[in-house]
Amino acid sequence: MKTDALLELRDVSRSFIVRNGLFAPKKQLQAVRGVSLKLMPGDVLALVGESGCGKTTLAKMLLDTLPPSSGQILRGGSAANARNRRERTRQLQAVFQDPYSSLNPRKTIGNIVSLPLRVHQQGNPAEIRATVDRIMNLVGLPPRFYNSYPNQLSGGQRQRVAIARALVLRPEIIICDEPTSALDVSVQSQILNLLIDLRAELGLSYLFISHDLAVVEHLASKVAVMYLGRIVESGNARTIFDNPRHPYTRALLASVLTPDPGKGVPDIQLGATFPNPLAPPSGCAFHPRCPLARPECRIEAPPNVVDETGAVECHLYKEPIL
Amino acid sequence: MSVEPFVQVESLNIEFATARGTIKAVRDVSFSVEQGKTLCIVGESGSGKSITSLGLMGLLPPTAKRNATRLRVGGTDLLSLDRRAMADVRGSRMAMIFQEPMTSLNPSLTIGEQMAEMLTRHRGSSRKQALEKAAFWLEKVGIPAATNRLRQYPHHLSGGLRQRVMIAMMLMCEPEFIIADEPTTALDVSIQAQILFLLSSLQRELGMTMIFITHDLGVVSRIADHVAVMYGGQLVELAPTADLFARPQHPYTRGLINCIPIPGKTKPGAHLGSIPGSIPSLAGKLQGCAFAPRCDFATANCRTDTLALRETGSDRAVRCLYPIKPNASPDIALEGTQ
Amino acid sequence: MSTHTDIISETVREPGPWRLLAGRMLGHKGVVIGGAILILVILAALFAPLLAQHGPFQQSLADRLQPPFWMRGGSADYILGTDHLGRDYFSRLLYGARVSLLIGFTTALISGTIGTFLGIIAGYFGGRTDSVVMFLVTIKLSIPTILVALAIVQLVGGSLQTVILVLGFLLWHQFAVVTRATTMQIRGMDFITAAETVGCSTPRILATEVLPNVLNQVIVVLTLTMASAILIEAALSFLGVGVQPPTPSWGIMIAEGKQHLFFKPWLVMIPGVALLLVVLAINLLGDGLRDVTAPEKR
């Protein structure tokens, strides 16, 4: 069934078998549990969550480096399989978090950026060189860097190389996995501005994974909040930031420390213990830390309530808000 | 008679001898902190902020050379202390919290053993007393089931919990002075907020003087009484927090503030302010202002003159030939926020 | 079209990784000394026909057992004297160097290829592949190399080719261990994931992304394996099961000179010192390379 979405996840799950010592029984770690998402053309969909929420695993499944345990991943409406792998790699590319490990230290910048073109045999060496030069110019890298090595570049420059590599096949979607978290503040804004411009110029859509909510609020058109493998709230960025519904989303937003002298540090009542993904809490995974937990939260998994503002998975919203 | 500031640092210089020559990591840094107050040292990588604190605590590696005209904490002249005396002061009167709690905690000792050691060594408590106090402090930092935790090893705990343990360990000796070097940077956002809340309330409760090192201006605005901005090994601006954010005087400070997306203020989807270029190298000959290559207002003098930190108002100082005047329009040559 | 160009930073640009390595190598005493000696030996072996005054097989029974020129009875005709068949010792030494170096290089290459391949696939794929390779390494480690080499060469009959093959298949384990460790480190790095994302096939990734990062370590093990191979060959030839006479090999020369050890010690000492020098040089070089390549690890 063809849909309009560029990228769609339908009830995707992924679990791992974890061995807890030589003699203990093997346990199952459910990193992603029944996630459904849609990325429409032109979206900047931000995937927000903290460590252990499953966003890294989700990204790996989107990039095809990890198969889902169950569920479907659809690209351009059709399910992923071995035959259209080449087409998928052309359509979807990624920029990773660590500019120091995402570039092969023994290869030149030119070699790194041209790799996708050579793998997909797009053009002769002269044409490839021309494309690489053009893209390097587009991302703000001086042409002399073509023969340089990653250790000669700064963190921001390396991230530009990573972006250039992602763009060279003219993808429709770029998955940005914390692309600025490892950079200095003054360089972060350079790269964010670059991403904003590239999106406008090249008509890209982004799946933006980040823990930095200020950046997300600045960039995203849609947001999905993950907690312990599930999406607990999703919808338009503006709506979610102005009016967060899920208690976890509210706590997350309250934790964002904007430069506001005199406001002090908020007291977020979330409790000190972090949940163990190997033994997730019963009912709603968030209930042990939730300031608004009710008796049923411990027993029953919360329903997914979808309305025109978005989706939220919480017992508090069982009755539709009119 | 005014009371001497609790922390006094004057003309601190720290150099490292490396294969590629001498690296001047910290150049002529001076600041002071009043008792019970918090100073935030803000900077990006290469600014020298961490090295400054290590220099203050006497924790520099042997390849480093430190000199200063004045280095006093709580009335004690740190320059006159030898390594052993310094270690004693560190354990009993000063505390330091680092970024990576896993490497600061000994993985082969239980939490209880490590915490108890702090007290038996520096306060001469008995082991039983020490363990009781340890359990008390674990509860105080919000760790549930404290007595059980004492028997656990660091790898049993999550990052946030380990950092709480670090804080408990450091504060157990009730130090007068605490240096926290990016203690929450490696933690999740919600945990960060909780740890900061804990730290600032404990600081107020115990009346400790704190130096907090970070790159996060948001954190700075919420917990600092005063801010010291560092760039390329130099201290470029010193100001009370509200003043710094309302009227930054150094072009770097202003550039940095403009770089951050501020929900509610910066227009979503628009360009953020940015500072072109990258962090300078600290090797080789260093002349003039470290920020000059990236500064929109730099002149030839900026690159050659030796600049001194000049006082520009009550409690304010800036190291710049052309500091920004209070009435200047906020949008000069920097990409706008509105 | 809007672009963002970085201001050209005023930092001193570091040289690239290969140039950095070359610079460090030239600055390290062990590398320079060991490398210089090795190069001299290689050149001497290459130019043996030009340097030797006589052929290595040329017998002259009238001139047998002559001492080297610095001893009484020696002459400029035979600089290092002659052996029991009157063959020029200097010439045999030079041609013997050829044998040693040839065996050293080819054995190292063969075992290097086997070991590096196994190490990389073990480190990259993990799981069962890793278990199998580590099992093979464990077995290999429990085999006494020289004894097995002896046994096989006895069975098959000694010759240059046999020695090379046998040693090639006995000396690969260190390569495997070292490359496996490095590959496992690299496996988790984002540039490997990036290569997968871009659509690189796995063999391509192994060859173009993993291998260049593993080469540093491989070179170190290569030099040290060379030294081992040269020594083991000398031992085998000494025992008569390696290279066969009349091919000059330092081991054979020592064996043949053994009977004259007390009255004509130079017959044993000259090839012995040559062996010592070459193996020492290679070890210096190898240790130096290990020092020089280690700090590059992130």
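All values reported here derive from a predicted model rather than from experimental measurement.

Caption draft 1: How the structure looks around the overall build of chain B. The helix and strand inventory of chain B stands at 12 helices and 13 strands. Counting only C-alpha atoms and orienting by the principal axes, one finds that chain B spans roughly 65 × 50 × 50 Å. Burial analysis of chain B (338 residues in total) assigns 46% to the buried set. Across chain B, contacts joining residues at least 24 apart in sequence account for 66% of those joining residues at least 6 apart.

Caption draft 2: Here's a closer look at the environment of Phe-69 of chain C. All names here are of chain C. In this structure, Phe-69 sits in the loop between α3 (48–51) and α4 (89–125). Each C-alpha atom, one on Phe-69 and one on Ala-229, is 32 Å from the other, the two residues being 160 residues apart in sequence. Setting aside anything within four residues of it in sequence, one finds Phe-69 in contact with Gly-74, Ser-75, Ala-76 and Ile-79.

Caption draft 3: View of the interface of chain B and chain A. Counting residues at the interface gives 46 residues for chain B and 41 residues for chain A. Looking at the side of chain B that touches chain A, the elements that each hand over two or more residues are α7 (159–172), α8 (189–206), α9 (217–223), α10 (241–246) and α11 (251–259) of chain B. Considering every element that reaches the side of chain B that touches chain A, the biggest residue donor is α8 of chain B, with 8 residues. When the residues that make up the side of chain B that touches chain A are grouped by side-chain class, the tally is 23 nonpolar, 19 polar and 4 charged.

Caption draft 4: Structural view of the sheet that holds strand β7 (residues 173–177) of chain A. Residues and elements named next belong to chain A. Sheet architecture is open: 8 strands sit in the order β6-β7-β8-β3-β9-β10-β12-β11, paired in mixed fashion. Of all strands in the sheet, those with a lone pairing partner are β6 (92–95) and β11 (304–307), marking the two edges. On average, each strand axis in the sheet is inclined to that of its neighbour by 20°, with strand direction left out of account. Across 5 bridges, β7 lies against strand β8 (residues 205–210) in parallel orientation. Across the sheet, the residue bridging to Ile-175 is Leu-207, located in β8. Its contacts with the sheet put helix α5 (residues 155–167) on β6 and β7, and the angle it makes with β6 is roughly 175°.

Caption draft 5: Focus on the pairing of strand β1 (residues 7–18) of chain B. All names here are of chain B. The pairing of β1 with strand β5 (residues 70–73) spans 4 bridges and is classified as antiparallel. Each residue of the ladder has a partner; that of Val-9, found in β5, is Leu-71. For β1 and strand β2 (residues 21–33), the ladder comprises 9 bridges, and the chain directions are antiparallel. Opposite Val-9, over in β2, you have Phe-31 as the bridge partner. Hairpin connection, β1 to β2: the antiparallel pair is bridged by 2 residues. Here β1 runs beside strand β4 (residues 64–67); their pairing, made up of 4 bridges, is antiparallel. Residue Asn-13 lies in a different strand from β4, and its bridge partner there is Asn-67.

Caption draft 6: View of unusual backbone geometry. Following Pro-245 of chain C, the chain continues to Pro-246 of chain C via a peptide bond in cis, the omega torsion being 10°. Considering the arrangement of structural elements, one finds Pro-246 of chain C in the loop between α10 (202–238) and α11 (250–257). Of note, Leu-228 of chain A is a non-glycine position whose phi angle comes to about 45°, a positive value. By secondary structure assignment, the location of Leu-228 of chain A is in the loop between β9 (222–227) and β10 (230–236). Unusually for a residue other than glycine, Ser-11 of chain B sits at a positive phi of about 50°. Within the secondary structure, Ser-11 of chain B sits in strand β1.

Caption draft 7: Quick look at the sheet that holds strand β2 (residues 27–39) of chain A. All names here are of chain A. The 4 strands are arranged β2-β1-β4-β5 in an open sheet whose pairing can be described as antiparallel. At either margin of the open sheet sits one strand with a lone partner, and together these are β2 and β5 (78–79). Across 9 bridges, the pairing between strand β1 (residues 7–18) and β2 is antiparallel. Bridged to Ile-17 within β2 is Gln-28.

About the cut-offs
Residues numbered from 1 in each chain as written. Chains lettered and ligands numbered in written order. Predicted model: local features only at pLDDT ≥ 70, side-chain atom pairs only at ≥ 80, totals over all residues. Helix = DSSP H or I, 4+ residues; strand = E, 2+ residues; numbered from the N terminus. Buried ≥ 20, exposed ≤ 12 C-beta atoms within 10 Å, placed from the backbone. Contact = placed C-beta atoms within 7 Å. Nonpolar A, V, L, I, M, F, W, Y, C, P; charged D, E, K, R; others polar. Pairing = 2+ DSSP bridges. Axes fitted to C-alpha atoms, helices over the stretch in contact; angles between N-to-C directions.

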